[in-house]
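# Observations on the model geometry
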Amino acid sequence: MLDVLPQWQGLGAARALVAAVAETARAEGAERLIVATTNDDLPALGFYRRPGFTITGVLVGRVLEHHGGVEPGFAGIPVRDEIQMELRL
Ligand SMILES: CC(C)(COP(=O)(O)OP(=O)(O)OC[C@H]1O[C@@H](n2cnc3c(N)ncnc32)[C@H](O)[C@@H]1OP(=O)(O)O)[C@@H](O)C(=O)NCCC(=O)NCCS
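Residues numbered from 1 in each chain as written. Predicted model: local features only at pLDDT ≥ 70, side-chain atom pairs only at ≥ 80, totals over all residues. Heavy atoms only, no water.

### Quick notes on unusual backbone geometry
Just so we agree on the cut-off: Partly exposed describes any residue whose relative accessible area lies between the buried limit of under 20% and the exposed limit of over 50%, with all areas from a 1.4 Å probe on protein chains only and scaled to the type maximum.
The phi angle at Ala75 is positive, at roughly 55 degrees, despite the residue not being glycine. Here Ala75 falls in the exposed class, since its relative accessible area comes to 69%.

Right, here's the structure in full:
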């Protein structure tokens, strides 16, 4: 989970955390970081795109099945799908 409290967003906290994880993973020989978000999460999609994460897969209906029904997400967008992304290190 990556979640920055609203009053601290936009200050570079998440960017610093992901950069530190990438540096540690690279030092340990990892070749990629894998993350997942949901179809409604426009802030996360924007955030992960900045350091170079690319979409590698979309599991259509995965979150819908997990929740057992439609739930409203960011900006009221129905949460339905899992979006998988990766960053090559
Ligand atoms: C997504 C989230 C983690 C970003 O945290 P943050 O600390 O505000 O992000 P930062 O200030 O470190 O921003 C880093 C970069 O991402 C960009 N960014 C941040 N939020 C963005 C958004 N909503 N849309 C587009 N770009 C965004 C910033 O412009 C910044 O770009 P830069 O490196 O070129 O300056 C935060 O908005 C959050 O906690 N959201 C709710 C929970 C969530 O969606 N978590 C992810 C679940 S997968």
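After that view of the structure, there is still more to cover.
### Some details on the sheet that holds strand β5 (residues 82-88)
Test applied: Strands qualify as paired when DSSP identifies two bridges or more between them. The helix and strand labels rest on DSSP assignments: H or I over at least four residues marks a helix, E over at least two residues marks a strand, and numbering proceeds from the N terminus. Helix axes use the C-alpha atoms of the stretch in contact, all axes being lines fitted to C-alpha atoms, and the angles between their N-to-C directions lie in the range 0 to 180 degrees.
What the 3 strands build is an open sheet, ordered β1-β5-β2; its pairing is antiparallel. Of all strands in the sheet, those with a lone pairing partner are β1 (32-38) and β2 (54-59), marking the two edges. When strand polarity is set aside, the average angle formed by the axes of neighbouring strands in this sheet is 25 degrees. Relative to β5, β1 runs antiparallel, the two sharing 7 bridges. Note that in β5 the partner of Ala36 across the bridge is Gln84.

### Overview of the side chain of Asp81
Applicable threshold: Here a polar contact is recorded for every N or O atom pair within 3.5 Å, except that within protein the pair must consist of a potential hydrogen donor and a potential acceptor, and residues adjacent in sequence are included only if both atoms are side-chain atoms. Residue contacts are counted whenever heavy atoms from the two residues lie within 4.5 Å of one another.
Within the element layout of this structure, Asp81 appears in the loop between β4 (78-79) and β5. A polar contact is formed between the side chain of Asp81 and the backbone nitrogen of Gly61, at a distance of 2.7 Å. Asp81 has contacts with Thr37, Thr38, Asn39, Val58, Leu59, Val60, Gly61, Arg62 and Val63, leaving out every residue within four places of it along the chain.

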